[in-house]
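Descriptive structure summary
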Amino acid sequence: MKIEEVLGSKISNVIGDNITHLKAGLKVPNINDFKNEYSEKNHLVFDEAERPNKQIKNSSGAVERLEKVNRIGLAFQKRIVKSTVAFTFGNPVLLNCQPIGDTQTKILAAIKKILADNKVNSLNRKIAKDLARCTQVAEIWYPEQLNESHESYGFSTKVKLKSMILSPLKGDELYPFFNEYGDMVAFSRAYNVKNGDKDIPYFSTYTDEEVIVWKKEGADWNEESKKPHTLGKIPVVFASQEEVEWSEVQTLIDRLEKLLSNFADINDYHAAPILFVEGGIEGFAKKGDASAVMVGEKGSTAEYLSWKNAPDAVKLEIETLIRFIYSFTQTPDISFDSVKGLNQISGITLKMLFLDAHLKVMEKREIFDDYLQRRINILKAYISSLNTTWKAESNKIEIVPEIKPFMVDDLKYMIDNLLNASGNQPLISRKTAMGLLGLVDSVDQEIAQISKEEQQAAALQNFPPAL
């Protein structure tokens, strides 16, 4: 579709009006708030308006000085995001495909090569991380013209396909435009380009037929370029979610930071023991005296002040807040203190330990299954445009990405189950087992050496040397 068809009756001769209509598709997230929440150094506990320093006053009530209070920031937001990304894309995404014929096999190999060249495993993790931190992310695929031909994709071409991440954290404003059926018919990006000391606003719009770039000069927008393309698809993959990954527990984190900071202030104040004396004191022990004795009047008492009940209450609240933070965000607490009580970590124990995280990944697949499938479809379209002889087979081949949540392997548990299922029959050959072990450079030479030693041992058993 051309931009006139996308906007329909809303099309205007004023470019600024058209840009306003294209921006109406999605609300821009509040990136500054997300950045402050993600960085523990910018949390409310460090804001002196929210947590002022302590005023030390003299006998007349005037402020003599300010005493700094403790400010303890906790990086729970980073912990939550890292866990979500690790469990979702800790394993490479599988490409499920059963190619039919030589051409489809080559198409699959070409797509795998393109993904490998663009470091897809790292790309997936970066996409997931930005989505968790700012609720929106996109990637754009574009052809880069080379000076010389190459055959990395299985055919000769001077084009190399590359990807670029578009993220609000990098200053991009992302505007998908959907029709009445929920299909994305255009995608726009607002961004700035440095020109000396000035930031020049740009607005680029992609449809399945053309790419338009507008540039703002003064108060007016002007068309910088308008280029058609034959891809037949918008070369952009877009993902969004309603809230940042830690939104449900932000208030809990704020409370925990305030609680720990206040507790640290109290610890500083009560670090030295305070002796409470009731009655008169007749004499003190000298500094350094062993078995020191303090003499008091008849009926006087002395005891150290202690905070008997409050520490237990604070401890209970801290432990409750931490448990809720992990639980509400489906983040497993796999610290040493949490798992040291487990006597034996078997395969089923690991599955139960990571069950909540895996359920979260299943929920994330509602976003990423469509995202990864669209990426594959864009690459198929590019291959069709670069090598038209493959176009028919590119339309037929089915490649379905599959996310496999990260899981610590328990090979013993898996092998025992497989042995029970096979009636204790061998599962793999000696050669395969030796290759998996990875302790030898040449598996064939090692097997030959083992066979030679077994023959020598058998010969000695059959014909023992004479005594």
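One structure accompanies this document, and this report is about it. (Residues numbered from 1 in each chain as written. Predicted model: local features only at pLDDT ≥ 70, side-chain atom pairs only at ≥ 80, totals over all residues. Heavy atoms only, no water.)

**Considering the overall build of the chain**
Check the secondary structure of the chain and you find 15 helices and 16 strands. A total of 467 residues make up the chain; the buried ones form 34% of that total. Carbon together with sulfur atoms contributes 51% to the accessible area of the chain, which is approximately 29,200 Å² in total. (Helix = DSSP H or I, 4+ residues; strand = E, 2+ residues; numbered from the N terminus. Buried < 20%, exposed > 50% of the residue type's maximum accessible area, 1.4 Å probe, protein only. Areas by Shrake-Rupley, 256 points an atom, 1.4 Å probe, with all protein chains shown as cover.)

**Some remarks on the packing of aromatic side chains**
Inspection of every chain in the model, using the stated rule, returns 13 aromatic pairs. Pairing Tyr38 with Trp246 gives two aromatic rings, centres 5.8 Å apart and planes at 35°, and the pair type is tilted. Taken together, the positions of Tyr38 in helix H3 (residues 31-38) and Trp246 in the loop between strand S11 (236-240) and helix H7 (250-269) put the pair 208 residues apart, joining distant regions of the chain. Residue classification places Tyr38 among the buried residues on the basis of a relative accessible area of 12%. Overall, Trp246 belongs to the buried group, its relative accessible area being 0%. (Phe/Tyr/Trp six-rings, centres within 6.5 Å; stacked < 30°, edge-to-face > 60°.)

**Some words on a negative patch on the surface**
A surface patch of like charges, here negative, comprises Glu242, Glu243, Glu248, Glu363 and Glu366. Along the chain, the position of Glu248 falls in the loop between S11 and H7. (Patch = residues over 30% accessible without salt bridge, like charges linked within 9 Å, V, L, I, M, F, W, Y side chains within 5 Å. Salt bridge = Lys/Arg side-chain N within 4 Å of Asp/Glu carboxyl O. Lys, Arg positive; Asp, Glu negative; His and termini not counted. Charge placed at Lys NZ, Arg CZ, Asp CG, Glu CD.)

**Observations regarding the packing of H3 against helix H6 (residues 120-134)**
Interaxial distance between H3 and H6 falls to 9 Å at its minimum, and their mutual angle equals 105°. When the axis of H3 is compared with that of H6, the two are roughly perpendicular. Between H3, through Ile31, Phe34 and Tyr38, and H6, the contact on the second element is made entirely by Lys129, Arg133 and Cys134. Here the residues of the contact of H3 with H6 are counted per class, giving 4 nonpolar, no polar and 2 charged. (Axes fitted to C-alpha atoms, helices over the stretch in contact; angles between N-to-C directions. Parallel < 35°, antiparallel > 145°, perpendicular 65-115°, else oblique. Contact = heavy atoms within 4.5 Å. Nonpolar A, V, L, I, M, F, W, Y, C, P; charged D, E, K, R; others polar.)

**As for the pattern of salt bridges**
Counted according to the given criterion, the structure contains 18 salt bridges. Between Arg65 and Glu67 there is a salt bridge; the shortest N-O distance is 3.8 Å. Here the residues in one salt-bridge network are Glu245, Lys360 and Lys364, joined through shared partners.

**Here we look at a nonpolar patch on the surface**
Nonpolar side chains collect at one region of the surface, where Met352, Leu355 and Leu359 lie side by side and expose about 290 Å² of accessible area between them. Relative to the helices and strands, Leu355 resides in helix H11 (residues 355-386).

**Describing the nonpolar core**
Counting residues in hydrophobic clusters, the biggest one holds 63 residues, and the most contacted among them are Ile111, Trp141, Ile325 and Phe368. Looking at this core, the element that brings in the most residues is H11, giving 11 residues. In contact with Phe368, not counting residues within four places along its chain, are Thr88, Phe89, Ile127, Ala128, Leu131 and Ile403. Membership of the second largest hydrophobic core comes to 15 residues, among which are Ile15, Ala190, Phe203 and Ile212. (Core = buried A, V, L, I, M, F, W, Y, C linked by side-chain atoms within 4.5 Å.)

**Thoughts on the environment of Asn387**
Examined against the element boundaries, Asn387 turns out to sit in the loop between H11 and helix H12 (391-396). Residues Asn387 and Tyr153 lie 234 residues apart in sequence; the distance between their C-alpha atoms is 9.8 Å.

**A closer look at the sheet that holds strand S7 (residues 184-195)**
In a beta sheet, neighbouring strands are held together by backbone hydrogen bonds and run either parallel or antiparallel to one another. An order of S6-S7-S8-S9-S10 is seen for the 5 strands of this open sheet, with the pairing classed as antiparallel. This sheet does not close on itself; its edge strands, each paired only once, are strand S6 (173-178) and strand S10 (220-228). Put simply, the sheet's adjacent strands are angled 20° from each other on average, direction ignored. Alignment of strand S8 (residues 198-206) against strand S9 (residues 210-217), held across 5 bridges, turns out to be antiparallel. The residue of S9 that forms the bridge with Tyr206 is Val211. On top of the sheet, helix H2 (residues 15-22) reaches S6, S7, S8, S9 and S10; it is set at about 70° to S10, its chief contact. (Pairing = 2+ DSSP bridges.)

**Some remarks on the pairing of strand S5 (residues 157-166)**
In this sheet, S5 lies alongside strand S4 (residues 136-150) in antiparallel orientation, the contact comprising 9 bridges. In the strand pairing of S5, Ile140 is matched with Met164. Connecting S4 to the next strand, S5, in antiparallel fashion are 6 residues, including Gly154 with a positive phi near 95°.

**Observations concerning the pairing of S9**
Most of S9 sits inside the fold, with 6 of its 8 residues counted as buried. What sits between the antiparallel neighbours S8 and S9 is a turn of 3 residues. By the bridge criterion, 8 bridges tie S9 to S10 in an arrangement that is antiparallel. Counterpart to Glu210 in the pairing with S10 is Pro228. Taken together, S9 and the strand that follows it, S10, pair antiparallel across an intervening segment of 2 residues, in which Gly218 is found at a positive phi of about 70°.

**Concerning a positive patch on the surface**
Together, Lys119, Lys126, Lys160 and Lys170 give the surface a local cluster of positive charge. Summarising the element assignment, Lys119 is placed in the loop between helix H5 (101-117) and H6.

**Observations concerning the sheet that holds S5**
The 3 strands are arranged S5-S4-S11 in an open sheet whose pairing can be described as antiparallel. Strands with a single pairing partner mark the edges of an open sheet, and in this sheet they are S5 and S11. The average angle at which neighbouring strand axes cross in this sheet is 20°, direction not considered. Here H11 sits on the sheet and contacts S4, S5 and S11; the angle it forms with S11, its principal contact strand, is near 175°.

**Regarding H2**
Given 3.6 residues per helical turn, the α-helix brings residues three or four places apart onto the same face. Here H2 has its buried residues at Ile15, Asn18, Ile19 and Leu22. For H2, the angular spread of buried residues about the axis comes to 100°, placing them on one side. On its buried side, H2 packs onto helix H1 (3-7), S6, S7, S8, S9 and S10. (Arc of directions from axis to C-beta.)

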